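Residues per chain, in single letters:
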Amino acid sequence: MNEIQRRRTFAIISHPDAGKTTLTEKFLLFGGQIQVAGAVKSNKIRKSATSDWMDIEKQRGISVSTSVMEFDYNNYKVNILDTPGHQDFAEDTYRTLTAVDSAIIVVDAAKGVETQTRKLMEVCRMRNTPVIIFINKMDREGRDPFDILDELEQELHIKVRPLSWPIGQGQRFQGVYNIYEKQLNLFTPNKQRVTQKVEVDINSEELDLQVGTDFAEKLREELVLVEGVYPLFEKESYRKAEVAPVFFGSALNNFGVQELLNCFVEIAPSPRPVKAEERIVDPKEERFTGFIFKITANIDPNHRSCIAFCKVCSGKFQRNQPYLHVRNNKTMRFSSPTQFMAQRKNTVEEAYPGDIVGLPDNGGVFKIGDTLTEGERIHFKGLPSFSPELFKYIENDDPMKSKQFLKGIEQLMNEGVAQLFVNQFNNRRIIGTVGQLQFEVIQYRLEHEYNAKCRWEPVHLYKACWVEADDEKELENFKKRKYQYMAKDTEGRDVFLADSGYVLSMAQQDFEHIKFHFTSEF
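The name given to the protein in an unreviewed UniProt entry is Peptide chain release factor 3, and the organism recorded there is Prevotella amnii DNF00058. Looking at the Sequence similarities (unreviewed entry) heading of the UniProt record, one finds this comment for the protein: "Belongs to the TRAFAC class translation factor GTPase superfamily. Classic translation factor GTPase family. PrfC subfamily."

Undergrad: Which residues make up the overall build of the protein, and what values go with them?
TA: Counting its regular elements, the protein contains 14 helices and 31 strands. Within the protein, buried positions represent 57% of all 522 residues. Within the protein, contacts between residues at least 6 apart in sequence are counted, and of these 71% link residues at least 24 apart. Accessible surface, the protein: about 22,900 Å² in total, of which carbon and sulfur atoms supply 46%.

Undergrad: Give me the nonpolar core: which residues, what numbers.
TA: Ranked by size, the top nonpolar core spans 56 residues in total, and within it Leu97, Ile133, Ile135, Leu152 and Trp165 carry the most contacts. Viewed by domain, this core spans two of them, domain 1 (7-270) and domain 2 (275-373), each represented by three or more residues. Not counting residues within four places of it along the chain, the set of residues in contact with Trp165 comprises Pro145, Phe146, Leu149, Gly175, Val176, Tyr177, Ile179, Leu219, Glu222, Leu223, Val226 and Phe248. Ala18, Ile132, Phe134 and Phe233 belong to the second largest nonpolar core, which has 29 residues in total.

Undergrad: Requested: an account of the environment of Glu350, with residues and values cited.
TA: Within the element layout of this structure, Glu350 appears in strand β21 (residues 350-351). Under the relative-accessibility criterion, Glu350 is labelled partly exposed at 34%. With near-sequence residues (within four places) excluded, Glu350 lies in contact with Lys316, Phe317 and Gln318. Within the structure, the side chain of Glu350 is placed 3.3 Å from the side chain of Lys316, a separation counted as a polar contact. Engagement of the side chain of Glu350 in a polar contact is seen with the side chain of Tyr352, the distance being 3.0 Å.

Undergrad: Talk me through the pairing of strand β24 (residues 390-396); I want residue IDs and the actual numbers.
TA: Counting buried positions along β24 yields 5 of 7 residues, so the element is predominantly enclosed. In this sheet, strand β26 (residues 429-433) lies alongside β24 in antiparallel orientation, the contact comprising 4 bridges. Looking across to β26, one finds that Phe391 is bridged to Gly432. Sheet topology places β24 next to strand β27 (residues 454-458); 5 bridges connect them, and they run antiparallel. Its bridge partner lying in β27, Asn396 is registered against Cys454.

Undergrad: Talk me through the packing of aromatic side chains; I want residue IDs and the actual numbers.
TA: Inspection of every chain in the model, using the stated rule, returns 15 aromatic pairs. Note on Phe478 and Phe511: the rings are 4.9 Å apart at their centroids and 85° apart in plane angle, and the pair reads as edge-to-face. One end of the pair, Phe478, is in helix α13 (residues 472-481); the other, Phe511, is in the loop between α14 (501-510) and β31 (514-517), with 33 residues separating them in the sequence. Residues Phe478 and Phe511 agree in their burial class; the two are buried. Ring geometry for Phe478 against Phe516: centres 5.9 Å apart, planes inclined by 85°, an arrangement best described as edge-to-face. In this pair, Phe478 is assigned in helix α13 and Phe516 in strand β31, connecting sequence segments 38 residues apart. Taken individually, Phe478 and Phe516 each receive the classification buried, so the pair is uniform in this respect. Members of the aromatic cluster, joined through ring pairs, are Phe288, Phe317, Tyr323, Phe334 and Phe366.

Undergrad: Report on the confidence of the model for the protein, specifying residues and quantitative values.
TA: Detailed reading of the predicted coordinates is not advisable wherever pLDDT is low. The share of residues in the protein with pLDDT of 70 or more is 82%, and the mean pLDDT across the chain is 78. Here residues 34-48 is a poorly scored stretch, pLDDT under 50, and it has 34 contacts once near neighbours within four places are set aside; other chains count.

Undergrad: Account for the packing of helix α2 (residues 20-30) against helix α10 (residues 257-267), naming residues and giving values.
TA: Where α2 meets α10, the closest approach of the two axes is 10 Å, and the angle between their N-to-C directions is 70°. As the angle between them shows, α2 and α10 are arranged roughly perpendicular. Residue-level inspection shows Leu23, Lys26, Phe27 and Phe30 of α2 in contact with α10, the latter providing Val257, Gln258, Leu260 and Leu261.

Parameters at a glance
- Throughout this document, residue positions are counted from 1 along each chain, in the order its sequence is written.
- Given that the model is predicted, a residue must reach a pLDDT of at least 70 before its local features are reported, and side-chain atom pairs must reach 80 or more before they are shown or counted; all residues, however, enter totals for whole chains, interfaces and linings.
- The side-chain figures draw on all heavy atoms in the structure; neither hydrogens nor water molecules are used.
- UniProt positions are given in the numbering used here, feature names are shortened, and annotations may be inferred rather than shown by experiment.
- Numbering of helices and strands runs from the N terminus, with a helix taken as a DSSP run of H or I at least four residues long and a strand as a DSSP run of E at least two residues long.
- Per-residue accessibility, obtained with a 1.4 Å probe over protein chains only, is compared with the maximum for each type, and a residue is labelled buried under 20%, exposed over 50%, and partly exposed between these values.
- The contact criterion used is simple: two residues touch if any of their non-hydrogen atoms lie within 4.5 Å.
- Per-residue and other accessible areas were derived by the Shrake-Rupley procedure at a 1.4 Å probe size, with only the shown protein chains allowed to occlude residues.
- Joining through side-chain atoms within 4.5 Å is the link that ties buried Ala, Val, Leu, Ile, Met, Phe, Trp, Tyr and Cys residues into a set, and such a set is a nonpolar core.
- Residue ranges labeled as domains rest on an automatic or database domain assignment.
- Polar contact is the term for a pair of N or O atoms within 3.5 Å; when the atoms are in protein, one must be able to donate a hydrogen and the other to accept it, and sequence-neighboring residues count only if both atoms are side-chain atoms.
- Strands qualify as paired when DSSP identifies two bridges or more between them.
- For Phe, Tyr and Trp, rings pair up if their centres lie within 6.5 Å, where Trp contributes its six-membered ring, and each pair is then called stacked (planes under 30 degrees apart), edge-to-face (over 60) or tilted (otherwise).
- Known as pLDDT, the predictor's confidence for each residue is given on a scale from 0 to 100.
- Comment: axis = line fitted to C-alpha atoms, over the contacting stretch for helices; angle = value between 0 and 180 degrees taken between N-to-C directions.
- Angles below 35 degrees are treated as roughly parallel, those above 145 as roughly antiparallel, those between 65 and 115 as roughly perpendicular, and all remaining angles as oblique.

In structure tokens form, the structure reads like this:
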């Protein structure tokens, strides 16, 4: 029970460039995991961010894949998942949100709420995930804090409650008053160090001495407004995902981050019950259960191995214990389960609910959504693949390397980077994605990780949808009529590749008894 109460597992989400990876770096600095914070884009600091470890991430300055990091802080065990903000990798982020108990949303002070922020908030709302909002980049000229708070309430449809308040911004940024701990933190721009804190009574003259009379007066007025407009902060309403606490700061200059972290570990929920198809699994149960929410190939370029990320839902995971792989109906033992610091990993003897364990997967044993238990047959839900919108034929560009090419495609598809369909008419492979960038990532990773070259050829398709029917004859009839447009996915299920919206709606009208699905979970 003590171990479960100590755990805090959360994801950092936002629109691209709001500062997620930078915030993650600063958390690791406070957790003592790294001595110097790396930068996402910087010529002066030669160290790149810890969580962006793939080559392509270092070159582009964007996160392509979710990274898992864990550290101890103030007697809490913190598990961070730094997610990609770019919409082309949104599916990875949605899956990650199924494995966390809470989320921190990063918002750029100048840009406010952006499209990707809205979408991610909807996913959190569907799952009732509590969120804390961090308004980043206060050291740049931005908008009025009250305007930003109004926009958050309107756009994200959630009540907010500021727990820290900025004193000035941009060039005139003086610091932050911490409403939660009632102390003043003064700002000195420094990317590697931590700023000083002063305990000040809000009505004393010392406040005037520290920040100047004008700023002090303005701060007092604004705090009166804050207390008047927003209800008192209650931990329970935050945990029920009714209210989002808001913090202000600058992640790059290490400011306002520790206040966020201190408050977060106190109020964030410990691991919560998880819904499986058969029943609700409580973390306090004695028997171990867990599910795979992500698979990554080639974390270590010297060893061609995949690692499956398993979220522990209940009981205690132990090394070398036999566990049932529910889908394959096989018992498995894991001799070297690992815990992560992005790319660095250590072998772990045991793990508790909320922890994320890496399991070596050498023969394509795992698929996303697999369940591991001590013998009970349960299935965890909610790891969908969406119907792709962009399609290209993928061809092997070097006939001598066809083995590497096939292995690379198989491992990357198991990771859920994109979806593979094999056309039944001409047996060509079609890759479907939700964004253009994914094609570039696949090509880059095939070449650099598998030593295989691919080339893309255009194919004109509108949408892929999974089809099924209760009447076998009707399904056979449909497959004959649409022979050129039928394909199989990696699971061997029937997929109809419609080449226009008109063709799709006509097919739905002509074949009333066939069900068309737009996510792979049905």
